[in-house]
Amino acid sequence: MLPAYSVGWVISEESFFKAILPEITFFKLRGSYGTVGNDKIGNNQFLYLAVYDPSGSSNYLRYRFGEALNIYSGLQEASLANENVSWEIAKKQNYGFDMEIKNGVFGLGFDYFIENRSNILAKRKTITQVLGLTSNQLPAENFGKVINQGFEIEARFNKKFGDFNVSANGSFSKAVNKIIDIDEVKYDLDYKNQTGNPIGQFFGYTWTGEFYTFEELGY
């Protein structure tokens with residue numbers, strides 16, 4: 001069983017708070033921490049099994065035996081097995097508050113979250129040639145790590161004017177993620193590495209915004 005905890009404190013019910021800030025009719029502090037698992041691994045539900053493909057028409061994997069030199073097909077390793085495959089783990093934290101002013105005329109909510117995801121399935125890239133296998137033949141392993149964090153702010157207004165009720169809501173949020181470990185071959189230039197950058201980051205030269213003449217380019 002994976003643990004999860006949460007705690008909240010309606011501080012506006014305390015006498016000292018009412019005496020200091022009577023206009024704030026509701027104020028709640030809250031926080032939570034939990035560990036969850038993810039078993040959605042796409043089409044890789046048989047990672048614990050090794051896969052062998054017939055050589056087919058590949059000449060270098062066809063063998064001749066006997067005096068008649070009959071040709072026989074062989075087998076080649078397509079993917080090794082990962083008998084220790086497990087689900088991904090995400091440790092989630094959330095902290096925030098909810099506030100209402102003048103019995104709900106104005107409302108404000110704030111959330112800050114952090115998610116540390118580990119055991120992400122990925123294939124290793126830093127393998128020795130002595131192994132005799134390519135990266136594509138290795139099974140996915142639970143070693144990837146990613147951190148995701150951000151915040152959200154929500155503001156509300158609700159007031160009745162005679163027979164009319166006016167309400168409005170607005171929110172703003174921002175979230176960023178960063179790859180902590182992906183087991184990649186390190187490049188000399190940092191901008192080429194996935195580690196330390198967001199998921200799905202575009203990689204390439206960074207344009208300075210300047211145009212160059214042929215003379216400056218060496219032509």
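Trainee: Looking at this structure, how should I read the overall build of the protein chain?
Mentor: Looking only at helices and strands, one finds 1 helix and 10 strands in the protein chain. Each helix (α) and strand (β) of the protein chain, taken in turn from the N terminus, gives the series β-α-β-β-β-β-β-β-β-β-β. A burial count over the protein chain gives 20% of its 219 residues as buried. If you take every contact in the protein chain between residues at least 6 apart in sequence, the share linking residues at least 24 apart comes to 58%. Surface summary for the protein chain: the accessible area is close to 16,300 Å², and the carbon and sulfur share equals 56%.

Trainee: Whenever I open this one, the nonpolar core confuses me. Can you help?
Mentor: Where a protein is soluble and globular, its nonpolar side chains tend to be buried together. Judged by nonpolar contacts, Ile11, Phe17, Ile24, Phe27 and Met99 together constitute the single largest core of 5 residues. With sequence-adjacent residues up to four places away left out, Phe27 is seen in contact with Trp9, Val10, Ile11, Ser12, Phe17, Phe97, Asp98 and Met99.

Trainee: I keep staring at the side chain of Asn142 and nothing clicks. Help me out?
Mentor: Its location among the elements puts Asn142 in strand β9 (residues 141-161). Within polar-contact distance, the side chain of Asn142 engages the backbone oxygen of Ser86 at 2.9 Å. Only 2.8 Å separates the side chain of Asn142 from the backbone oxygen of Asn119, close enough to count as a polar contact.

Trainee: Mind showing me how you'd approach the environment of Glu152 here?
Mentor: Secondary-structure assignment places Glu152 in strand β9. The spatial distance from the C-alpha of Glu152 to the C-alpha of Phe113 is 8.7 Å, given a sequence separation of 39 residues. Apart from residues lying up to four places away in sequence, Glu152 is in contact with Gly109, Phe110, Asp111, Ser171, Phe172 and Ser173.

Trainee: I would appreciate a short explanation of the pattern of salt bridges in the present structure.
Mentor: Opposite charge on two side chains makes pairing possible when the charged atoms of those side chains draw close. Counted by the stated rule, this structure contains 8 salt bridges. Salt-bridge contacts for Glu88 lead to Arg117; the nearest nitrogen and oxygen are separated by 3.6 Å. Placement of Glu88 in strand β7 (residues 88-101) and of Arg117 in strand β8 (residues 106-122) is noted, with a sequence separation of 29 residues between them. Overall, the relative accessible area of 11% leaves Glu88 in the buried class. Using a relative accessible area of 23% as the deciding quantity, one classes Arg117 as partly exposed. Connected via shared salt-bridge partners are Glu88, Lys92, Glu115 and Arg117.

Trainee: Can you help me understand the sheet that holds strand β10 (residues 164-181) in this one?
Mentor: Note on sheets: strands pair through backbone hydrogen bonds, and any given pair is parallel or antiparallel. The strand order across the open sheet formed by 6 strands is β1-β2-β7-β8-β9-β10, and the pairing between neighbours is antiparallel. Each edge of the open sheet carries a strand with a single partner, namely β1 (4-10) and β10. For this sheet, the mean angle separating the axes of adjacent strands, direction not counted, is 10°. By the bridge criterion, 13 bridges tie β7 to β8 in an arrangement that is antiparallel. From the neighbouring strand, Glu100 faces β8, where its bridge partner is Gly107.

Trainee: I would appreciate a short explanation of a nonpolar patch on the surface in the present structure.
Mentor: Together, Trp9, Phe16, Ile20, Leu21 and Leu29 give the surface a local cluster of nonpolar side chains, amounting to about 480 Å² of exposed area. Tracing the backbone shows Phe16 in helix α1 (residues 15-20). Assessed through its relative accessible area of 43%, Phe16 is described here as partly exposed.

Basis of the calculations
Residues numbered from 1 in each chain as written. Predicted model: local features only at pLDDT ≥ 70, side-chain atom pairs only at ≥ 80, totals over all residues. Heavy atoms only, no water. Helix = DSSP H or I, 4+ residues; strand = E, 2+ residues; numbered from the N terminus. Buried < 20%, exposed > 50% of the residue type's maximum accessible area, 1.4 Å probe, protein only. Contact = heavy atoms within 4.5 Å. Areas by Shrake-Rupley, 256 points an atom, 1.4 Å probe, with all protein chains shown as cover. Core = buried A, V, L, I, M, F, W, Y, C linked by side-chain atoms within 4.5 Å. Polar contact = N/O pair within 3.5 Å; in protein donor to acceptor, adjacent residues only side chain to side chain. Salt bridge = Lys/Arg side-chain N within 4 Å of Asp/Glu carboxyl O. Pairing = 2+ DSSP bridges. Axes fitted to C-alpha atoms, helices over the stretch in contact; angles between N-to-C directions. Patch = residues over 30% accessible without salt bridge, like charges linked within 9 Å, V, L, I, M, F, W, Y side chains within 5 Å.

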